[in-house]
Amino acid sequence: MAEVTEQQIVEALSRIIDPDRKADIVSLGMVSGLAVKNGHVAFAIEVDAQRGPHLEPLRKAAEKAVHDLPGVLSVSAVLTAERNTQGGPKGAPQGGHGHGHQAEQPLLPSVKAIVAIASGKGGVGKSTTATNIAMALSRMGLKVGLFDADIFGPSMPRMLGITGEPVSPDGQTMMPMENYGVKCMSMGFLVPEDSPIIWRGPMVMGALEQLLRDVHWGELDVMIIDMPPGTGDTQLTMTQRVPLTGAVIVSTPQDIALLDATKGLNMFRKVDVPVLGIIENMSYYICPKCGDEAHIFGHGGAKAEAARLSADFLGEVPLDISIRQTADAGEPIVISKPNSPHAKVYMEIAAKIWDKVQVLQSSRKGPRIVME
Ligand SMILES: Nc1ncnc2c1ncn2[C@@H]1O[C@H](COP(=O)(O)OP(=O)(O)OP(=O)(O)O)[C@@H](O)[C@H]1O
Ligand SMILES: [Mg+2]
C-alpha cells in the first residue's frame, strides 16, 4: 500500500472543526509537528490550557480522520497547551518532592527517549516484557537503559542476572549496573531482597527521582521504564515527573476483556502522555510437546478491543514456559534464544515501538502547519 502523504493528512485534518471557534483546525493554525514514518503518524493540536479537557472529542475526531486514510497504521494526536520543543510532556508539576531547586531541572537530560511499560493491574508480565523489549532495542544497535520503577518488588536484578552493588565513584552518584549491553538501575541493587520497604508515597517519589538523577546514565537513545503495578498516585506522579515519550500497556487477554487495560490507558491520557499501544501477553498457549497453539481465551478479541479503546495493537506474546524460565534465570529470551519465534515477536514489537518513538520525536520538533 502506498504510504500516506503529509498533504493527505492535512486535507483530512482541515475537515475537523473547532467547536468553539467555528473554523477548521488547520486554518486556525492549531496543528503542529506533523510527522509520518512507515505509516505511523503523529501531530499535536495546540489549544488553550483551560480548553484542554473539553476538547478530547476534537482530538479523537482528528485522530480518526487520519486513521481512516489508506496506508495509515497508527495515529498519535496530542493536545498541547503550548509549543513544546524540549522533548518532554508539558504540565510536569513544579517541585513538591523535597528536592528544593533541583526539582525544577529536567530529569534524564542525556536520554533521548523514555518509554514506560505499564499495566492496569499486577502480574501481567510487565517486567518480563520490559526486559525483553530493552534487549531487543539493544540488539537493534541502540544505546539502551532499563529502569526498574518498582521500589517494593524490584525484578531487574533477577531478570538481568545481575548481583552486587553499584559503584559510587564520588560517594554521591552511582554508576548503573550493566548486562547484555543494557544499563540498568533498580532498588533491588541497593536493598537486600528480603528486607521489606515500608515507605509512604512522597518517599517513594523521592527515591525514584534520586535513582534517576544520581545515576550516570550517559547518553542513551532510549530508556525503558518498568512501572510498578497499579494506577495509583505514585504511578501518576511518576508519569508526570519523568519526561516520557510514550507508554506501552501490557495486558492479558482476560484483562483486556475486563477492561483493566483501560485503567492503564486512562492514567497516561490524563497527563497527555501518548500511548504507543497495547501488547497482549500470555496471549495463547503453545504446547511444548506438539507445538500446537491453543487460544484459551479466544483470538482477535484484543485487537478489536484495542481499536475500540483507540489504541494501537503492538503484538501478542504467547504463554510459554521458556519465556518464564529464561526470565527467571536472568537470561532474557531475546538474548538467550535469539532465533526463537518468541524472540522474533519481541523484536517485531520493539521495532514498532521504535518507529513510533521516532515519529513522536520528530513531531515535537516539527513546525506549525500553516495554510498557504
Ligand atoms: N509470556 C509469558 N509466558 C510465560 N510466563 C510469563 C510470560 N510473561 C510473564 N511470565 C511469567 O509471569 C510471572 C509474572 O511476570 P512479571 O513479573 O513480568 O509480571 P509483572 O506485571 O511485572 O508483575 P508485577 O505487577 O508484580 O510487577 C513471572 O513469573 C514471569 O516469568
Ligand atoms: Mg514487575
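These numbers come from a predicted model, not from an experiment.

J.: Kindly report on the sheet that holds strand S3 (residues 31–37), identifying the contributing residues and their values.
T.: Sheet architecture is open: three strands sit in the order S3-S4-S5, paired in mixed fashion. In the strand order of this sheet, the two ends are held by S3 and strand S5 (74–80), each with one partner. Each strand axis lies, on average, 10° off the axis of its neighbour in the sheet, ignoring direction. In this sheet, strand S4 (residues 40–46) lies alongside S3 in antiparallel orientation, the contact comprising five bridges. Opposite Lys 37, over in S4, you have His 40 as the bridge partner. Where helix H2 (residues 56–67) meets the sheet, its contacts fall on S4 and S5, and the angle it forms with S5 comes to roughly 155°. Packing against the sheet, helix H12 (residues 341–365) makes contact with S3, S4 and S5, and its axis sits at approximately 35° to S4.

J.: How would you summarise the packing of aromatic side chains if you had to cite specific residues and measurements?
T.: How two aromatic rings sit relative to each other is set out by the distance from centre to centre and by the angle between their planes. Taken as a whole, this structure holds one aromatic pair when the rule is applied. With 6.3 Å between their ring centres and 75° between their planes, Phe 147 and Trp 217 make a pair best called edge-to-face. Within this pair, whereas Phe 147 is found in strand S7 (residues 144–148), its partner Trp 217 is found in the loop between helix H5 (201–213) and strand S10 (222–226), the two being separated by 70 residues in sequence. Judged on exposure class, the residue Phe 147 and its partner Trp 217 are both buried.

J.: Tell me what's going on with the pairing of strand S12 (residues 275–286), and back it up with residues and numbers.
T.: Taking burial as the measure, the twelve residues of S12 include ten buried ones, the bulk of the element. The pairing of strand S11 (residues 246–251) with S12 spans five bridges and is parallel. What sits directly across from Ala 247, in S12, is Val 275. As defined by bridge partners, S12 adjoins strand S14 (residues 313–319) across five bridges and the pair is classed as parallel. Of the residues in S14, the one forming a bridge with Glu 280 is Glu 316. Two elements, S12 and strand S13 (residues 293–294), share two bridges in a ladder whose sense is antiparallel. Looking at S13, one finds that Tyr 285 is bridged to Ala 294. If you look at the hairpin formed by S12 and S13, you'll find six residues sitting between the two strands, and Gly 291 has a positive phi there, around 80°.

J.: Quick one: what's the story with the UniProt feature "binding site: ATP" (unreviewed entry) in the protein chain, residue by residue and with numbers?
T.: Under the local residue numbering, the UniProt record ascribes the feature "binding site: ATP" (unreviewed entry) to Gly 120, Lys 121, Gly 122, Gly 123, Val 124, Gly 125, Lys 126 and Ser 127. Position of Gly 125 among the secondary structure elements: in the loop between strand S6 (114–118) and helix H3 (126–139). For Gly 125, a relative accessible area of 12% puts it in the buried group. Those residues within four positions of Gly 125 in sequence are excluded, and the remaining contacts are Val 250, Asn 281 and Met 282. In this fold, Ser 127 is placed in helix H3. Those residues within four positions of Ser 127 in sequence are excluded, and the remaining contacts are Ser 155, Met 156, Met 159 and Asp 226.

J.: Provide a residue-level description of helix H10 (residues 321–328), including the pertinent values.
T.: Inspection of H10 places Ser 322, Ile 323, Thr 326 and Ala 327 among the buried residues, and these make up the whole buried set. Buried residues along H10 cover an arc of 130° about the axis, so they all sit on one side. Buried-residue contacts for H10 involve H3, helix H4 (156–159), S14, helix H11 (333–336) and H12. Following H10 by one or two positions, Gly 330 has its phi on the positive side, about 75°.

Scoring rules and cut-offs
- Residues numbered from 1 in each chain as written.
- Chains lettered and ligands numbered in written order.
- Predicted model: local features only at pLDDT ≥ 70, side-chain atom pairs only at ≥ 80, totals over all residues.
- Heavy atoms only, no water.
- Pairing = 2+ DSSP bridges.
- Helix = DSSP H or I, 4+ residues; strand = E, 2+ residues; numbered from the N terminus.
- Axes fitted to C-alpha atoms, helices over the stretch in contact; angles between N-to-C directions.
- Contact = heavy atoms within 4.5 Å.
- Phe/Tyr/Trp six-rings, centres within 6.5 Å; stacked < 30°, edge-to-face > 60°.
- Buried < 20%, exposed > 50% of the residue type's maximum accessible area, 1.4 Å probe, protein only.
- UniProt positions renumbered as here; feature names shortened; annotations may be inferred.
- Arc of directions from axis to C-beta.

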